[in-house]
Amino acid sequence: MKTRLLVALLALASSFAQAGGDARAGAEKSAVCAACHGADFNTPVSADIPLLAGQYPDYLARALADYKSGARKNPIMSGQTEPLSAKDIEDISVYIGGLPGKLKSIPLQRFLSSN
Ligand code: HEC
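Residues numbered from 1 in each chain as written. Predicted model: local features only at pLDDT ≥ 70, side-chain atom pairs only at ≥ 80, totals over all residues. Heavy atoms only, no water.

**Student:** How would you summarise the overall build of the protein if you had to cite specific residues and measurements?
**Tutor:** Scanning the protein from N- to C-terminus turns up seven helices and zero strands. Each helix and strand of the protein, ordered N terminal to C terminal, gives the series α-α-α-α-α-α-α. The proportion of buried residues among the 115 residues of the protein is 25%. Within the protein, residue pairs in contact and separated by at least 24 positions form 62% of the contacts whose partners lie at least 6 positions apart. Total accessible area computed for the protein in this model is approximately 8,300 Å², and 63% of it derives from carbon and sulfur atoms. (Helix = DSSP H or I, 4+ residues; strand = E, 2+ residues; numbered from the N terminus. Buried < 20%, exposed > 50% of the residue type's maximum accessible area, 1.4 Å probe, protein only. Contact = heavy atoms within 4.5 Å. Areas by Shrake-Rupley, 256 points an atom, 1.4 Å probe, with all protein chains shown as cover.)

Laid out in structure tokens, this is it:
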């Protein structure tokens, strides 16, 4: 019984490790993205380009997958994501999400009272 639980936990742990992506590979793969989003992904070249540094990796991965599939429509980003594999998206998302950035979440209470 104990062994079975241990095996299940190890399987779960290794599936998390696989889903983690490779930040070092992501740094190389995202070099092209820096042209617009900024080398630190925190200083985009124009105001209509979003800050990405420090964003949740699963948010980034979802956004990139949605541009690629067409679920989220933007001509620039659909072109940028077209050549990316699922692994590229994981690696890039883990890298950019790990960078120090200006993005912050607003506590729900403060958000509600300001509206
Ligand atoms: C030519 C300029 C340009 C390049 C190059 C570019 N982006 Fe973008 N990116 C944009 C613009 C503009 C938007 C806003 C699109 C929209 O309104 O949905 C955007 C949006 C995004 C978003 C959504 C952010 C959010 O808050 O929802 C992500 C993630 C992203 N880009 C990642 C990347 C990655 C990764 C690459 C490289 C593979 C890349 N971008 C290359 C211009 C660019």
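**Student:** Explain the pattern of salt bridges residue by residue, including any values.
**Tutor:** With the rule as written, the count across this model stands at four salt bridges. When the shortest N-O distance is used, the salt bridge between Asp 66 and Arg 62 registers 2.9 Å. One end of the pair, Asp 66, and the other, Arg 62, are both in helix H4 (residues 57–69), four residues apart, so they sit about a helical turn from each other. Note on Asp 66: relative accessible area 18%, which makes it buried. The exposure class assigned to Arg 62 is exposed, which follows from its relative accessible area of 55%. Through salt bridges with shared partners, one network takes in Lys 29, Lys 87, Asp 88 and Asp 91. (Salt bridge = Lys/Arg side-chain N within 4 Å of Asp/Glu carboxyl O.)

**Student:** Report on the site of the ligand, specifying residues and quantitative values.
**Tutor:** Inspection of the region around the ligand gives 18 residues, with Cys 33, Cys 36, His 37, Tyr 59 and Met 77 positioned closest. Within the side chain of His 37, one N or O atom sits 2.8 Å away from a nitrogen atom of the ligand. Only helix H3 (34–37), H4 and helix H5 (75–81) provide two or more residues apiece to the shell around the ligand. Looking at the shell around the ligand element by element, the count peaks at four residues for H4. Across the shell around the ligand, the residue classes tally to 13 nonpolar, three polar and two charged. (Near = heavy atom within 4 Å. Polar contact = N/O pair within 3.5 Å; in protein donor to acceptor, adjacent residues only side chain to side chain. Nonpolar A, V, L, I, M, F, W, Y, C, P; charged D, E, K, R; others polar.)

**Student:** Report on helix H6 (residues 86–97), specifying residues and quantitative values.
**Tutor:** With 12 residues, H6 should cover 16 Å at 1.5 Å per step; its first-to-last C-alpha distance of 16 Å lies within 8% of that length. Burial in H6 covers these residues: Asp 88, Ile 89, Asp 91, Ile 92, Ser 93, Ile 96 and Gly 97. Its buried side turned inward, H6 meets helix H2 (23–29) and H4. (Expected span 1.5 Å × (residues − 1).)

**Student:** Break down the coordination of the iron atom of the ligand for me, with residues and values.
**Tutor:** Summarising the metal site, the iron atom of the ligand is bound by the protein donors His 37 (NE2) and Met 77 (SD), whose distances to it range over 2.0 to 2.3 Å. For the iron atom of the ligand, the six donor atoms in the first shell make angles of 86 to 179° at the metal, so the coordination geometry reads as octahedral. Taken together, the positions of His 37 in helix H3 and Met 77 in helix H5 put the pair 40 residues apart, joining distant regions of the chain. When sorted by exposure, His 37 lands in the same class as Met 77, which is buried. (Donors = N, O, S within 2.8 Å, 3.2 Å for Na, K, Ca; no water. Tetrahedral: all angles 85-135°; square planar, octahedral: opposite > 155°, others 65-115°.)

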